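# Results of the structural survey
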Amino acid sequence: MIDKQNITCDIVIIGAGFAGMAAAARASQLGLKTVMAGNSSQLYFASGLFDLLGVYPLVPGTILKTVETGLNLLKEQSPGHPYSKASIKEILQSFDFITHFLQTAGLSYAPSNGKNTSVLTSAGTFKPSFLIPETIKKCNLLRKSRNLLIMDFKGLKGFNAKQMAAMIENRHDTVDILRIELFQHSHVLSPMHLAAMFESSNFLKKIAKKILPFADKTDLMGMPAVCGINNSFEILTKLEKITGIKIFEIPMMPPSIPGLRLKNAFEKQLAKNRVQFLSQAKIKSQEFNNDGFILNAVNQNMETRIKTQGIILASGRFQGGGLHAKRGKVIETIFNLPVYQPENRNLWHNINFFEKQGHMINGAGIETDNVFRPVDRNNSIIHKNLYAAGTILAHNDWIRLKSGSGVSALSAYTAVNDFYANSIKTGA
Amino acid sequence: MFYPALYASLLFAAAGFLFQIYRFNRTNKLWQKQKGFKFNFAPAFFNTLFQTKLFKASKTRWIIHSLVLSGFIYLLFFHALADLISVKIFAYYQPTVDPFQFLRNVTGFMVAMGCFGFLLKKFFNVRSTRNIRGKYQNLFSILLIFSLIFSGFMLEAVKIISEPLFMEMVEDYAGVDEDSGLDDLKIYWEKNYSVVFQNSLISSYQSLEEALEEGKILNEEYCLDCHSNISSAFVSKALAGYLKKTAQFLNSSRADNLLYHIHYLLSFLMLICLPFSRLFHILLIPFANLKPKSDIQDFQKQKMGFHPVTLDACTGCMLCSQVCSVYPNFVVTQNIEVLPHAKIRSTRKMMLGRHLDLKELSSLQLSNKECTTCNNCTNICPSGIDLQALWITLSKTLDNMDLKTTPAHGNIPFKKEYDIIPGSESFDNCVQCTICTNVCPVIEYSSKSENDMTPQQIMNLLRLGKKQMAAQTQMVQNCLTCYSCQESCPGEIKVTDIIIELRQAVTEC
């Protein structure tokens, strides 16, 4: 049985990843009647860290310290990159908006002062990131720390304190390891179940008891990012208070708890702002004319006909389903928009995986004008109210540049602002 | 006096046994009986005598239980039935001679410690049974055993300090009187055998050393053949030490006679109570273990049945509820009726012909439908009850009663052709991100009852084309179909629908 319903709204956001959430946040804040269609579970893959530009120029083994110098160089060298469509001020503004939005939902991020921070990862390596959650922030004390303690849990996959200690032990006087065994029978411990346990104060006391013997000989402790789901920072502070040790979280492999926190915070605040969410909905068909769009969204038990003024296409790349790789070429799945891509399949990838120039397929995507409206081959826009945001944009090798969140935030923020300005102009 | 009482209580016990079987069989027409007989002698023997299943399930419980069982078996055969057994085997048998005196104390102590362990576990060990701890159903049986053992020790202790008993024995067996050294023997026994005399001679006697020497010779001559040193009766000796202060009163009132009667009365009481208390499980566990365990194929071929009387082999240990796959369901809904131990309680009531109203019956029916037929309960049950067969028979019985509580939407018909599993494109999006496993409540609570595979692993098996292997996993049976995994899957894979289809595939083939 499939029910049917009709919705009329100002703007539809297709995709519920970081870009989609950012667009919905801005649109709902501006008072637009917003509908979201997509699968927010993709945020389980997010690390919870916001990268703006981690590496530039692309020299292996280097980290960009001050973001502004890198951005200036990037704008000079690759004019097609989404960052080249905006000023540095606008880029930072879009981040400010998102952190402020998340702050109201109870998820706080540490201010950055325009500099990247090196975050310790669960592999024992360091990764540059621009904005980091408060729970991870204290990892910048690592440089001063002499006696480090790393806690891990038996059965928690992808997080091994011993391995991490081996990677970083030459930076400290001592690196102690605390391995906690929760269950004797079970050999697998799921991060989400563990994070849910941290919400109980009894469990927290139990953990603190195990940490206490190290309190005298250690000045900083790292633990997997599982310190509670909803009030993570409060729980971490509580644990710090009991043990007297400064503690920071270390982001882990998916499903990542900081990603879950991000998802929960967005969903909570968007629900408050009355954004209508069509969970796991797929856009089956669409038609548009000068006045607007009509979309047909289908999910498990509902077929929804949406009449809307504007659309933000934030459907992601191959993993999210926004782009689809056919044998000969890459296509865009919903509007069949022209996709900028290498001429033939042989050029998609280099032979070497770690090739310095990267792979050309990673630069493929939708080309847009300065306010992120998709354009055709003649550089004229497809529709005045159709925008694209996030990783679907072309000339955006975000994995290598470490610029994923920044591009998503900037494009979503700019696109919604532009749509809002237009709709005021036309008096709608 | 002794034998008539013994026969009377034996008769009582036998009648009680028959009555219990009659009570269960009265309702038997409702319960499908097993067709054809097949016996498993080896497990019945080993599980009855050594509790092999209990050993696998819980080591502490096994230790406690073995203490009581082994101690009690010795006491039953070599102490209670001494006239029939011990005397025939050992020509020199006397209850007060080592090693019998020592062994009696050891085994009595073992049983007492076991009972104490039972009680400790009942009162303090809440965590092992989580929050489903029941009432103290076994308390009566445990206290009965404990008081029997305690009265035995008291009897021995009172006999040790008894002056009248000493005098009787001297009269009967030792040809000594005041002239030929009775005082010496008295002193020797007061010192070495803890007898308490009205007028203590040790303090007033002049040549103590001499008297002890004399007493020792007399003791060797008349007493030592039947009375080993009481230090081997370590429990009774300690008790006797405590009783010394009240010895005068106990001796003059002949407390030994009273305790003697109490001890016998308790033994008979235990015999009579055997079919009416939890002690009944002693007789029924061998019976429950004789029957081979049935599987789901047996049931479909109408081969399986459940013998109601085996339900009395249940000791109320609640291990079944701790490993039950439906436990997460109980945690969320707090409906205790979904757990095996609660269902056993209701079923017993029903079988014994007690009236259950429609509400109770339909609640039992709905709760029983939650069973995922994972067989965990049958596998762990230390009494070897075929619980899985019970749930299926119970379900049929309740369905036949026409309670009209079946859900409004009825049974959803399943196509023979499965439309989700065969398509490999169903799993194209799976990147093994483990989110389905992370949100799964079954996995979250599976630290106790082992779950073989996680949802994400099942998806991977299917992606590799190993449908048969995936269908045979425990996870498919344990799934609560809560749809958390399907709702959270970033790849939008129909995880729950697939698992339901797999489960259907197992039961239909």
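In this report, the structure presented in the accompanying data block is examined. (Residues numbered from 1 in each chain as written. Chains lettered and ligands numbered in written order. Predicted model: local features only at pLDDT ≥ 70, side-chain atom pairs only at ≥ 80, totals over all residues. Heavy atoms only, no water.)

### Focus on the overall build of chain A
As a reminder, the rule being used: Counting from the N terminus, the helices are the DSSP runs of H or I reaching at least four residues and the strands are the DSSP runs of E reaching at least two. Only protein chains enter the area calculation, which uses a 1.4 Å probe; residues under 20% of their type maximum are buried, those over 50% are exposed, and those in between are partly exposed. Contacts are assigned to residue pairs with any non-hydrogen atoms lying within 4.5 Å of each other. Exposure was quantified through the Shrake-Rupley algorithm and a 1.4 Å probe, taking into account, for residues, occlusion by the shown protein chains and nothing else.
From N to C terminus, chain A includes 11 helices and 17 strands. Burial status across chain A gives 55% buried among its 428 residues. Taking as baseline every contact in chain A between residues at least 6 positions apart, the subset at least 24 positions apart corresponds to 68%. Entry remark: accessible area of chain A is about 19600 Å², with carbon and sulfur atoms responsible for 50%.

### Observations regarding a positive patch on the surface
Residue and element names in this part refer to chain A. Applicable threshold: For patch building, the residue pool is restricted to those with more than 30% relative accessible area and no salt bridge; the joining distance is 9 Å between like charges and 5 Å between nonpolar side chains (Val, Leu, Ile, Met, Phe, Trp, Tyr). For this document, the term salt bridge refers to a Lys or Arg side-chain nitrogen within 4 Å of an Asp or Glu carboxyl oxygen. Note on charges: Lys and Arg go in the positive column, Asp and Glu in the negative column, and His and the chain ends are not counted at all. To locate a charge, take atom NZ for lysine, CZ for arginine, CG for aspartate or CD for glutamate.
Residues Lys65, Arg143, Lys144, Arg171 and Lys246 make up a contiguous surface patch of positive charge. Within the secondary structure, Arg143 is located in the loop between α4 (134-137) and β7 (147-153). Here Arg143 falls in the exposed class, since its relative accessible area comes to 68%.

### Quick look at the packing of helix α7 (residues 201-211) of chain A against helix α8 (residues 232-243) of chain A
Residues and elements named next belong to chain A. How we decide: Geometry is summarised by axes, namely lines fitted to C-alpha atoms with helices restricted to the contacting stretch, and by angles between N-to-C directions that run from 0 to 180 degrees. Reported orientations rely on four angle classes, namely roughly parallel under 35 degrees, roughly antiparallel over 145, roughly perpendicular from 65 to 115, and oblique for the rest. Each crossing gets its handedness from the near helix: less than a right angle anticlockwise from the far helix is left-handed, clockwise is right-handed. Any residue that is not Ala, Val, Leu, Ile, Met, Phe, Trp, Tyr, Cys, Pro, Asp, Glu, Lys or Arg is counted as polar, Gly included; the first ten are nonpolar and the last four charged.
It is the contact of α7 with α8, at a shortest axis distance of 10 Å, that shows an interaxial angle of 45°. It follows from the interaxial angle that α7 and α8 lie oblique. For α7 against α8, the interelement crossing comes out right-handed. On the side of α7, the interface is formed by Ser201, Leu204, Ala208 and Ile211, while α8 contributes Ile235, Lys238, Leu239, Ile242 and Thr243. Class assignment of the residues belonging to the contact of α7 with α8 gives a composition of 6 nonpolar, 2 polar and 1 charged.

### Some thoughts on the interface of chain A and chain B
The condition is simple: N or O atoms closer than or at 3.5 Å make up a polar contact, with two conditions inside protein: a donor-capable atom paired with an acceptor-capable one, and, for residues adjacent in sequence, both atoms drawn from side chains.
At the interface, 19 residues of chain A touch 20 residues of chain B. At the junction of chain A and chain B, the tally comes to 1 salt bridge. Close ionic contact of Glu492(B) with Lys282(A) constitutes a salt bridge, the shortest N to O distance being 2.9 Å. On inspection of chain A and its partner chain B, the count reaches 11 residue pairs in polar contact (both at pLDDT 80 or more). It is helix α6 (residues 191-198) of chain A that provides the largest number of residues to the side of chain A that touches chain B, a total of 3 residues. Taken together, the residues of the side of chain A that touches chain B break down into 7 nonpolar, 11 polar and 1 charged.

### Section: the pattern of salt bridges
Counted according to the given criterion, the structure contains 14 salt bridges over all chains. Lys127(A) is the salt-bridge partner of Asp51(A), the closest N and O atoms lying 2.7 Å from each other. Pair noted here: Asp51(A) is in the loop between β2 (34-38) and α2 (67-77) and Lys127(A) is in strand β5 (residues 126-129), with a separation of 76 residues, a long-range link. Neither Asp51(A) nor Lys127(A) differs from the other in exposure class; each is buried. Among the ionic pairs, Glu240(A) bridges to Lys138(A), the shortest N-O distance being 3.0 Å. Separated by 102 residues along the polypeptide, Glu240(A) in helix α8 and Lys138(A) in the loop between α4 and β7 bring together distant segments of the chain. Judged by its relative accessible area of 12%, Glu240(A) falls in the buried class. Among the charged side chains, a salt-bridge network with shared partners connects Glu168(B), Arg254(B) and Asp256(B).

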